[in-house]
Amino acid sequence: MSTAPITRVADFYHPEPADFFHKYVWSYDHKVIAKQYMWTAFTFLILGGVLAMLLRWQIAYPNAPVPIIGPLLHDAFFFGADGSITPNGYLELATMHGLVMVFFVIIPLIVGAFGNYLIPLHIGSRDVAFPLLNALSYWLYLPAGLLMFSSFFVDKGAAAAGWTAYPPLSDAAGASEPMLGMNLVLAGIFLAGFSSILGGLNFLVTIVKLRAPGMTWSRLPLTTWAQFITAVFQVLATPMLAAAGAMLLFDRIAGTSFFIPTGLTVGSDLAANSGGGFPLLWQHIFWFYAHPAVYILILPSMGFASDILAAFSRKPVFGYRAMVISLASIMGLGFVVWGHHMFVSGMNPVMGMAFMVSTVFIALPSGVKVFNWLGTLWGGSIRLKPPMLYAISFVSMFIVGGLSGIFMAASPVDIYIHDTYYIIAHFHYVVFGATLFSVFAATTYWFPKMFGRMMNEKLSILHWGLTFLFFNLAFFPMHFLGEAGHMRRLATSTGYEFLNPLAPWNEFITLSAFALGMTQLLFMYNFIYSVFKGEKAPDNPWEASTLEWTIPNPVPVYNFKELPIVTRGPHEYSSPDTLPGDWLPQNAPARPADAPGAAPAGASH
Amino acid sequence: MKPSTALAGLALLLPSLGAAATVASPHGWMPAEVSEAGKQIDALYMHILYIVIAIFAITEGLLLYSVIAFRARPGRRASFFHGSAGVELVLATIPALILLYITVVSSRLWDRVRLAEPKGAGVVHIQVLAEQFSWNFRYPGPDGAFGTKDDVLTNVEGAVPVGQDVVFHITSKDVIHSFFLPESRLKQDLVPGLLGKVWTRWDLIPVWDLVKQERVLLTLDEYRAAAVATAGYTFQSEPNPVKAGWYQASSSERLNYLRYHYDRDPSAKLVVEKGGKPSTEAPQYVLHYYEIACAQLCGSLHFGMRGTMRVLPPEDYAAWLKAQPADSGLSDKWASVWDRYHPEYNKVF
Amino acid sequence: MSDEHHATLSPSFHAERRDLRAMGMWLFLGSEVMFFTAFFGAYIVVRSASVESIVHPLDKVLGALNTVVLITSSLTMALAVAWSKRGERAKTGWALLATLALAGVFLVVKGFEYAHHFQEGVFPRSDIFHGFYFLLTGFHGVHVIGGMISLAILWVRNRRGDFDEHYNDPIEMTGLYWHFVDLVWIFLFPALYLL
């Protein structure tokens with residue numbers, strides 16, 4: 001690298017580190033940090049999945065010993081003396097499954113891994129705005145995850161009050177509430193939240209300030225737009241979670257009673273805390289964060305899907321401007337709908353009315369996006385490669401998840417289906433069916449760029465088909481269970497007459513869930529094998545036009561040898577000026593037909 | 001057609017079949033609704049379901065069609081267009097109007113269900129105090145006031161008269177629970193420190209058919225026309241004999257499939273009534289109940305927090321109130337929690 | 001930092017990077033505003049909904065004194081930033097030191113208040129008002145300590161000659177942060193002590 005003075009931030013980059021530690025452990029390179037997030041998050045995905053398998057066992061075969069693992073681990077963790085899952089153990093499983101998946105899998109994957117990897121490449125910069133902060137964000141996330149994980153090993157186990165941790169149950173007053181486990185989890189969430197806030201502001205500054213020349217806001221890939229809006233949510237909403245968590249920790253450790261009302265009596269004992277607090281206070285502050293959090297869970301994956309659908313339909317995204325406006329509307333409305341989680345909470349019904357209106361209308365931008373995805377496919381030249389198969393399934397599952405949300409938005413209906421399996425079906429369709437499928441799409445799509453190799457196509461298609469099948473078999477029947485009134489978080493439903501006829505469905509769902517879990521081994525094998533032994537990938541195997549495909553594999557530490565000058569939109573596939581091919585990179589010279597010795601369409605420099 | 005497309009199509013078919021099944025049967029999966037509000041909630045649900053199914057069919061259909069019709073073929077070039085403001089506008093306006101319709105219908109129903117509290121002399125008021133892990137009910141007794149010596153206190157089992165508006169005043173003494181009566185489509189959280197109010201009117205009486213051994217719902221007239229046993233039977237359940245799977249040793253371990261039935265209890269006196277008077281006819285039905293479920297996680301025995309709500313003809317309701325033990329040991333709970341810290345909750349009328 | 005790997009970072013580079021850092025700091029302060037808003041919002045809701053009168057008098061004099069101390073420290077911080085931008089190293093150092101000292105005074109006064117409370121047997125768990133009092137002032141105090149650490153590091157770096165009229169971002173960013181910390185107190189003082 002030259003020793004001439006550096007005049008622009010865009011020219012600055014941290015040079016290639018020499019030793020293992022700086023290369024793979026404490027790295028400033030956004031691409032390395034992205035991979036750190038990815039590996040860690042995928043590991044937590046396995047943990048979250050195992051927790052789900054265990055709790056599904058208990059639902060289908062209540063009080064039956066878990067095969068093999070049960071007798072082995074009897075009396076430890078969630079298991080009772082005979083290897084079956086104890087009632088409190090079941091609640092631990094349900095709680096930790098939710099917490100792990102939301103905070104330690106999905107957000108780190110779609111924002112920490114893919115956001116980190118793609119944003120600088122998509123906008124044409126060498127790194128994010130604050131590389132040191134970026135490294136710090138990861139190194140807050142990992143200890144946070146370990147803290148959370150350690151809660152399984154302490155006396156009385158992990159948190160067991162649901163991922164939503166409603167006080168007084170989650171508070172010092174909850175009779176069966178474990179002490180240290182929940183505190184560890186809260187500490188972990190605090191750190192993870194901090195990581196998220198720093199990451200969010202890093203991305204915001206990067207996208208606003210470090211775009212390459214010519215990369216106007218209307219030429220950004222939709223992945224980047226989605227990350228931008230997500231980052232706004234991260235910076236503004238996550239602090240609320242920190243505040244709520246701090247108040248809950250104070251209640252649990254310092255004996256305050258922010259959420260404990262006067263006269264709270266557990267058993268026959270008056271609560272030690274002085275009272276004067278409000279349980280609903282937690283719900284308001286928590287959901288003020290947690291509702292934007294669910295948009296954090298879905299928006300980046302909408303971004304991936306948009307770009308992938310365009311690339312494999314060989315035509316621009318239908319209604320780019322409308323897509324951006326939808327994202328912005330979701331951002332605006334997303335802050336004023338939190339009360340729809342509290343329709344039956346005892347909150348003032350007039351507020352319920354207000355939240356219903358905002359909630360019903362937030363369906364509109366999502367609907368616009370679905371129509372635009374359909375419009376992107378319409379008239380295309382569709383290449384059904386694995387990323388595209390996953391992306392199409394994303395749209396299909398998002399439609400189901402989004403439509404089921406309308407029932408909840410209608411508050412009188414929500415009175416009935418709140419806290420039932422209907423809700424579980426809804427959010428799994430959106431977070432698993434939509435977001436996780438989009439993660440699979442993004443992984444298979446950007447794998448060649450990240451690792452210089454291709455994932456096995458046949459294995460990917462097999463994984464896609466089986467996952468799609470088993471996912472629907474496992475989760476669609478939950479809508480029926482919810483319609484029947486089957487409540488959530490029940491260690492066993494055998495006590496209720498009205499739930500008894502539903503037992504066969506619980507078993508069917510469990511078996512489908514086991515099949516679904518086993519299918520993921522295909523993906524794991526494919527991913528790990530391909531990282532080391534996959535077929536070497538060309539620089540642009542998908543013939544895609546966004547900037548990351550203009551640089552060679554493996555991507556050098558400085559990303560772009562010369563910073564690109566952007567001349568086109570991100571999805572100008574099949575435009576007349578791409579003839580005889582059907583694409584040009586975003587930084588193609590303005591009039592390629594005039595350039596002497598013009599390279600044929602598809603060549604990168 | 002490629003296997004992957006076929007697989008995708010099949011997987012799309014499944015939710016469609018499920019949706020069709022839901023529409024086909026009048027109640028779908030829902031328990032039969034037994035109150036006026038419940039009927040209206042169900043009607044709203046079905047409204048939304050029809051709309052949702054239509055949108056589902058159109059969008060998923062277009063998706064599937066596009067994937068097949070616009071497949072890449074050699075020599076075929078994708079159509080190049082960025083969108084259409086006109087199409088966007090239409091595609092945004094139609095859902096907006098649909099959503100507006102849903103909002104209007106929902107708010108009217110919400111108003112009726114949550115904001116229009118029944119008032120007047122004929123309304124029955126009942127206090128509900130939830131605790132880990134049971135339900136406590138308090139009735140005002142003959143003096144019509146709560147917190148007095150003649151209050152009727154029960155635990156786990158409550159009762160209401162049929163055909164009359166009932167207002168429940170609900171709270172909890174320890175953690176948040178949820179007062180859920182599925183057939184009534186009634187649900188609200190019981191929050192310590194907060195007094196909630198839910199109301200409903202039950203029009204159907206739950207009884208158990210002794211021949212078919214299943215629950216049936218009778219109107220007051222049907223009830224009076226039949227011979228119903230009010231005592232002398234016990235409710236039993238045992239695991240359904242089901243073929244054991246390879247993973248379990250014996251079918252007795254299959255606790256999740258239960259068979260319910262009422263059996264004549266020889267040690268208990270048989271009491272049968274018909275038309276509001278005692279009868280010696282062989283009973284056709286036994287008095288049964290609606291179940292109360294806790295729908296908000298409240299601790300490790302959340303799954304066991306079950307209650308029962310009897311809906312009774314007026315004369316039986318009065319008899320039931322009289323029959324409850326006067327000194328049940330439950331008064332401490334109410335006195336130390338409800339009356340001591342929230343005497344204002346007792347001001348009802 | 002890897003600045004040493006490159007020959008020089010020109011003034012235009014510093015100016016551009018300063019812009020990035022300023023935006024980052026404003027966003028961070030935005031998140032901090034949301035954090036404290038949650039507490040303030042909760043406090044307001046609980047205050048207005050509480051049946052009994054829960055306000056116990058805090059020492060208004062000490063509170064007012066702390067307010068003056070912090071506002072003055074904001075002044076000295078602003079002076080530090082201004083002098084640093086003019087390359088006046090010595091004056092910058094004195095201003096930083098003054099800010100640090102005033103922050104220390106703030107913490108000492110707060111410490112007196114806390115000690116007094118504990119002596120009287122008043123703890124966060126004593127009643128809901130004190131719960132909020134200790135929560136709000138506690139977190140504010142943590143932010144003051146964080147600022148003080150930053151100020152100390154800045155003073156050392158300034159002494160070492162790290163800053164000049166082109167490169168003084170850390171001082172400016174800490175200045176922004178410090179003004180925010182002061183602003184939070186300006187809301188805290190009336191909310192807890194006066195109203």
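Model, not experiment: these values are computed from the prediction. (Residues numbered from 1 in each chain as written. Chains lettered and ligands numbered in written order. Predicted model: local features only at pLDDT ≥ 70, side-chain atom pairs only at ≥ 80, totals over all residues. Heavy atoms only, no water.)

## Some thoughts on the sheet that holds strand β10 (residues 214-218) of chain B
Residues and elements named next belong to chain B. As summarised here, the arrangement of the 6 strands in space is β10-β9-β16-β11-β14-β15, forming an open sheet in which the pairing is mixed. Both edges of this open sheet fall to β10 and β15 (277-279), since each of them pairs with a single strand only. Adjacent strand axes in the sheet meet at a mean angle of 45 degrees when their direction is disregarded. Sheet analysis places strand β11 (residues 228-231) next to strand β14 (residues 271-274), joined by 3 bridges and oriented antiparallel. Within the sheet, the bridge partner assigned to Ala 229 lies in β14 and is Val 272. (Pairing = 2+ DSSP bridges. Helix = DSSP H or I, 4+ residues; strand = E, 2+ residues; numbered from the N terminus. Axes fitted to C-alpha atoms, helices over the stretch in contact; angles between N-to-C directions.)

## What to know about the interface of chain C and chain A
Taken together, the contact between chain C and chain A spans 37 residues of the former and 46 residues of the latter. Surface buried jointly by chain C and chain A totals about 3500 Å² across both partners, of which 79% is contributed by carbon and sulfur atoms. Remark: the boundary between chain C and chain A carries 0 salt bridges. There are 4 residue pairs in polar contact (both at pLDDT 80 or more) connecting chain C and chain A. Elements that contribute at least two residues to the side of chain C that touches chain A include exactly α1 (11-49) and α4 (128-160) of chain C. In terms of residues, the side of chain C that touches chain A owes the most to one element, α1(C), which gives 20 residues. Partitioned by chemical class, the residues of the side of chain C that touches chain A number 19 nonpolar, 11 polar and 7 charged. (Contact = heavy atoms within 4.5 Å. Buried area = accessible area lost by both parts, 1.4 Å probe. Salt bridge = Lys/Arg side-chain N within 4 Å of Asp/Glu carboxyl O. Polar contact = N/O pair within 3.5 Å; in protein donor to acceptor, adjacent residues only side chain to side chain. Nonpolar A, V, L, I, M, F, W, Y, C, P; charged D, E, K, R; others polar.)

## Overview of the domain arrangement of chain A
All names here are of chain A. The domain boundaries assigned to chain A delineate domain 1 (23-261 + 273-277), domain 2 (308-536) and domain 3 (538-605). Measuring from the centre of the C-alpha atoms in domain 1 to the corresponding centre in domain 3 gives 38 Å. Between domain 1 and domain 3, the buried area comes to about 1400 Å², and carbon and sulfur atoms account for 58% of it. Interface area lost by domain 1 to domain 3 is led by Leu 121, Arg 126 and Arg 219, which between them contribute 42%. The interface formed by domain 1 and domain 3 contains 0 salt bridges. Summed over the shared surface of domain 1 and domain 3, the number is 13 residue pairs in polar contact (both at pLDDT 80 or more). Elements that contribute at least two residues to the side of domain 1 that touches domain 3 include exactly α2 (30-60) and α4 (87-123). At 6 residues, α4 tops the list of elements feeding residues into the side of domain 1 that touches domain 3. (Domains from an automatic or database assignment.)

## Quick word on the sheet that holds strand β1 (residues 124-131) of chain B
All names here are of chain B. Spatially, β3-β2-β1-β5-β8 is the arrangement adopted by the 5 strands of the open sheet, whose pairing is mixed. Strand pairing shows two members of the sheet lacking a second neighbour, β3 (152-155) and β8 (196-201), which therefore form its edges. Across the sheet, the mean angle from the axis of one strand to that of its neighbour is 25 degrees, orientation sign disregarded. Alignment of strand β2 (residues 134-139) against β3, held across 4 bridges, turns out to be antiparallel. Among the inter-strand pairings, Tyr 139 is bridged to a residue of β3, identified as Val 152. Where helix α6 (residues 331-341) meets the sheet, it contacts β1, β2, β3 and β5 (165-172), and its direction lies at approximately 90 degrees from that of β1.

## Things to note about the side chain of B:Ser134
Residue and element names in this part refer to chain B. Mapped onto the elements, Ser 134 comes out in strand β2. Looking at Ser 134, the relative accessible area reads 11%, which means it is buried. Look past the residues within four positions of Ser 134 in its chain and what remains in contact with it is Leu 129, Asn 155, Val 156 and Met 305. (Buried < 20%, exposed > 50% of the residue type's maximum accessible area, 1.4 Å probe, protein only.)

## A closer look at the interface of chain A and chain B
The interface of chain A with chain B comprises 125 residues on the first partner and 107 residues on the second. Interface of chain A and chain B: buried area, both sides summed, is about 10000 Å²; carbon and sulfur atoms make up 69% of it. Counting the contacts that link chain A with chain B gives 1 salt bridge. Across the pair A:Glu497 and B:Arg306 runs a salt bridge, and its minimum N-O distance is 2.8 Å. At the boundary of chain A with chain B, the tally comes to 31 residue pairs in polar contact (both at pLDDT 80 or more).

## Structural notes on the pattern of salt bridges
For the coordinates displayed, the defined rule picks out 30 salt bridges over all chains. For the salt bridge of B:Arg310 with B:Glu157, the shortest nitrogen-to-oxygen distance reads 3.3 Å. With B:Arg310 in strand β18 (residues 306-312) and B:Glu157 in strand β4 (residues 157-161), the pair connects residues that are 153 residues apart, well separated along the chain. Judged by its relative accessible area of 17%, B:Arg310 is buried. Residue B:Glu157 is classed as partly exposed on the basis of its relative accessible area, which comes to 24%. For the salt bridge of C:Glu172 with C:Lys85, the shortest nitrogen-to-oxygen distance reads 2.7 Å. Residue C:Glu172 is found in helix α5 (residues 169-194), and its partner C:Lys85 is found in helix α2 (residues 60-85); the two are separated by 87 residues along the sequence. A relative accessible area of 12% means that C:Glu172 is categorised as buried. The partly exposed category is assigned to C:Lys85, whose relative accessible area is 35%. Taken together, the salt bridges that share partners define one network made up of A:Arg314, A:Arg383, A:Glu543 and A:Asp582.

## Brief notes about the nonpolar core
The biggest cluster of nonpolar side chains holds 350 residues, and the ones touching the most others in it are A:Met247, B:Trp135, B:Phe168, B:Phe179 and C:Phe39. B:Trp208, B:Leu210, B:Ala227 and B:Val286 belong to the second-largest nonpolar core, a separate cluster that totals 10 residues. (Core = buried A, V, L, I, M, F, W, Y, C linked by side-chain atoms within 4.5 Å.)

## Details of a nonpolar patch on the surface
All names here are of chain A. On the surface, a nonpolar cluster with roughly 740 Å² of combined accessible area is contributed by Trp 39, Ile 46, Val 50, Met 518, Leu 521, Met 524, Ile 528 and Phe 532. Counting only elements with at least two residues in the nonpolar patch, the list comes to α2 and α15 (503-533). Tallying contributions element by element places α15 first for the nonpolar patch, with 5 residues. Looking at where Met 524 falls in the secondary structure, it is placed in helix α15. According to the relative accessible area criterion, Met 524 is partly exposed, its value standing at 31%. (Patch = residues over 30% accessible without salt bridge, like charges linked within 9 Å, V, L, I, M, F, W, Y side chains within 5 Å. Areas by Shrake-Rupley, 256 points an atom, 1.4 Å probe, with all protein chains shown as cover.)

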